[in-house]
Amino acid sequence: MRIAIDAMGGDLGPRATVRGAAGAALQDSRLTLQLFGPRACLEREIASLPRRLAAAGSRMEVVDAPGEIAPGVRPSDALRHGGDSSMALMLDCLASGRACAGVSGGNTGALMALGRRAMGTVGGIPRPAISTAIPTREQGRCYLLDLGANIEASSDRLVDFARMGEVMARHVDGLSRPRIALLNVGAEGIKGTASVRQADARLRELPGLNYCGYVEGDGIFAGSVDVVVCDGFVGNAVLKASEGLARMLVARVQATFEAHWGSRLVGLLARPALRRLRGELDPVRYNGASLLGLAGIVVKSHGGSDADGFRYAVLRAVQEVEHDLPRQLARELGEARMDSISRVGATGGDDRQ
């Protein structure tokens, strides 16, 4: 299984991406990795891998990509001037079929724009969405989308996001009937923006979809739903707030146990439980956001992720390859769209898509 890596994306530079990719390769013996970036730089990073990761070097191939897309570059500029960048060449490799998936920690807007140009979309989806998993009660998880690709979203797009999230949860997580909800400011039908209320009405009409209605912000983490849909502005704010809260809680608990000698003694006894709590709440474990709707598997790693976080992003891409997620999306969303058009045609109405 070959994974293409934009090794120059991310705030911590190529060392984090190379070491994270190496960690994923050691964890999954099927992987071979193509690293895109300046050849001399990446070869130095591979040569300086720590001893515990050095064995992965033999499964890492460097593809020279002299250009780099900076974090602040606008998507339009990336499209015009980023053809020789590590990100663009990684996506071209994926589009040509030379790799099964691509992973980047770089500029999100540029990644989405270049990905759409290189691969197009599936199932008639005009606007891909960004989705990731977040932890819920009883060691569960919930998919949240969109996370920033579409700052504003019409009811059409919210319905698309719900359908894509349902397919992903069903195939990747093995859920027979994923529970879908729209994020809103209340559970009452009269609340929310016009696009949210319109999407609610349409989702209730979709056959076979286990739609549960509205969920408020606190309900995301309750474990009562499997997919939560919102526009990218709201989704990104929720994600960043939850990550910050998780880090703050872990730090507060640790500081409480270190406050004086009595609590330090209790902390020593509770250390295994604290370690487990830190692991369960650590956002690094959930790193790796899927660019759902592209005609290829592209996973966005958090820009600030260290090597361990990038490893999780690569392993997320492996999961999606195993379940051939784009093909499942293309088949099921394409069939659903044709069914919708047929029903509208039979009743003489207008196609709302």
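Residues numbered from 1 in each chain as written. Predicted model: local features only at pLDDT ≥ 70, side-chain atom pairs only at ≥ 80, totals over all residues. Heavy atoms only, no water.

Draft legend 1. Spatial organisation of the confidence of the model for the protein chain. Considering every residue of the protein chain, the mean pLDDT works out to 86; 87% of them sit at 70 or more. Confidence over residues 341–353 falls short of pLDDT 50; this stretch has 14 contacts with residues more than four positions distant or in other chains. (pLDDT = per-residue confidence, 0-100. Contact = heavy atoms within 4.5 Å.)

Draft legend 2. Region of interest: empty space enclosed by the protein. Taken as a whole, this structure holds three cavities of 30 Å³ or more when the rule is applied. Considered as a void within the structure, the largest cavity measures approximately 70 Å³ in volume. Along its surface, the largest cavity is lined by 14 residues, and Gly9, Gly10, Thr17, Ser305 and Phe310 are the ones closest to its centre. Partitioning the lining of the largest cavity into residue classes produces three nonpolar, nine polar and two charged. Computed from the structure, the second largest cavity encloses a volume of approximately 50 Å³. Residue lining of the second largest cavity: Ser290, Leu291, Leu292, Gly293, Leu294, Gly296, Ile297, Val298, Glu320, Leu325, Pro326 and Leu329, and that is the complete set. Among the secondary structure elements, those contributing two or more residues to the lining of the second largest cavity are strand 10 (289–292), strand 11 (297–300) and helix 11 (325–347). When the residues that make up the lining of the second largest cavity are grouped by side-chain class, the tally is eight nonpolar, three polar and one charged. (1 Å grid on protein atoms, 1.4 Å probe; cavity = no way out; pocket = protein on both sides within 12 Å on 5 of 7 lines; lining within 4 Å. Points joined across faces, edges and corners; volume = space filled by probe spheres on them. Nonpolar A, V, L, I, M, F, W, Y, C, P; charged D, E, K, R; others polar. Helix = DSSP H or I, 4+ residues; strand = E, 2+ residues; numbered from the N terminus.)

Draft legend 3. Broad picture of the pattern of salt bridges. The tally for this structure, following the rule as stated, stands at 18 salt bridges. Glu45 is the partner of Arg15 in a salt bridge, and the nearest nitrogen-oxygen pair spans 3.1 Å. Taken as a pair, Arg15 in helix 1 (residues 14–27) and Glu45 in helix 2 (residues 39–47) lie far apart in primary sequence, 30 residues in all. Look at Arg15 and you get partly exposed, because its relative accessible area is 43%. What makes Glu45 buried here is its relative accessible area of 11%. With a shortest N-O distance of 3.0 Å, Asp226 and Arg179 are connected by a salt bridge. Of this pair, Asp226 sits in the loop between strand 8 (211–215) and strand 9 (227–229) while Arg179 is found in the loop between helix 6 (155–172) and strand 7 (180–183), placing the two residues 47 residues apart along the sequence. Counted as one network, the salt bridges with shared partners bring together Glu166, Arg170, Arg331 and Glu332. (Salt bridge = Lys/Arg side-chain N within 4 Å of Asp/Glu carboxyl O. Buried < 20%, exposed > 50% of the residue type's maximum accessible area, 1.4 Å probe, protein only.)

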